[in-house]
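Each chain, written out:
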Amino acid sequence: MRIAVYPGSFDPATNGHLDIIKRSAKLVDKLIVGVLHNSSKNPLFSIEERVELLKSLTKDLDNVEVDSFSGLLVDFLKEKNAEIIVRGFRAVSDFEYELQIAQTNYSLDNNIETICLITRVEYSFLSASIVKEIAMYGGDISKMVPNETIKYINEKFKRK
Ligand code: PNS
């Protein structure tokens, strides 16, 4: 059984994340979306909110699970019997960061492979931080995030 983990902060999940989830789920037997708990990034959404939102977004995808993790990603993979890390790759600017993560993980566990899916062009400029900034200033995020995410964001920012 081929099990992969798609790790990230998902603060909150965007259309870009959802696209990577759907596409990578087709490549493996089971995909576990791993939401990072102890993020030093001071997330807008709590771990419970981020997990709940992702569960709701993936409820129709039979081989996708959502779970949170803290500590090392390679330890989370071991716990889940997974051997593949999935990451989305948007632009050249992502390269150094992704290379560092992938090579760190190879050095921690040589049996784990990282696969990077190239983000579709319509989502290539998207990031959770940009979405939050636009939302904070009352801009239109309807093409950037699923409707479910909009509900969470509106609630947080008390938008109508
Ligand atoms: O969505 P992000 O914030 O770019 O995801 C980063 C993530 C979660 C993949 C990375 O921070 C991570 O794996 N953190 C867990 C701690 C760890 O294993 N560190 C060593 C590899 S960088």
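Here's a quick rundown of the structure. (Residues numbered from 1 in each chain as written. Predicted model: local features only at pLDDT ≥ 70, side-chain atom pairs only at ≥ 80, totals over all residues. Heavy atoms only, no water.)

Digging into the nonpolar core
One recurring pattern in soluble globular proteins is that nonpolar side chains are buried together.
(1) Moving on: By size, the foremost hydrophobic cluster in this structure holds 33 residues, and its most contacted members are L31, L54 and I141.
(2) Moving on: When contributions to this core are tallied by element, the ones reaching two or more residues are strand 1 (3–8), helix 1 (15–25), strand 2 (30–36), helix 2 (47–57), strand 3 (64–69), strand 4 (84–89), helix 5 (128–136) and helix 6 (147–157).
(3) Moving on: It is helix 2 that contributes the most residues to this core, 5 residues altogether.
(4) Moving on: When sequence neighbours within four positions are dropped, the list of residues in contact with L31 reads A4, V5, Y6, I21, S24, A25, N63, V64, E65 and V86.
(5) Moving on: Residues I32, F69, F76 and L77 belong to the second largest nonpolar core, which totals 11 residues. (Core = buried A, V, L, I, M, F, W, Y, C linked by side-chain atoms within 4.5 Å. Buried < 20%, exposed > 50% of the residue type's maximum accessible area, 1.4 Å probe, protein only. Helix = DSSP H or I, 4+ residues; strand = E, 2+ residues; numbered from the N terminus. Contact = heavy atoms within 4.5 Å.)

Regarding the layout of surface pockets
Remark: the empty space left among the atoms is shown by a probe the size of a water molecule rolled over them.
(1) Moving on: Its boundaries defined by the atoms lining it, the largest pocket holds a volume of some 1000 Å³.
(2) Moving on: In terms of lining residues, the largest pocket is bounded by 38 residues, among which G8, S9, K41, R87 and Y97 are the most central.
(3) Moving on: Looking at the lining of the largest pocket, the elements with two or more residues in it are strand 1, helix 1, strand 4, helix 4 (92–108) and helix 5.
(4) Moving on: If one sorts the elements of the lining of the largest pocket by residue count, helix 4 sits on top with 7 residues.
(5) Moving on: Per-class residue counts for the lining of the largest pocket are 16 nonpolar, 15 polar and 7 charged. (1 Å grid on protein atoms, 1.4 Å probe; cavity = no way out; pocket = protein on both sides within 12 Å on 5 of 7 lines; lining within 4 Å. Points joined across faces, edges and corners; volume = space filled by probe spheres on them. Nonpolar A, V, L, I, M, F, W, Y, C, P; charged D, E, K, R; others polar.)

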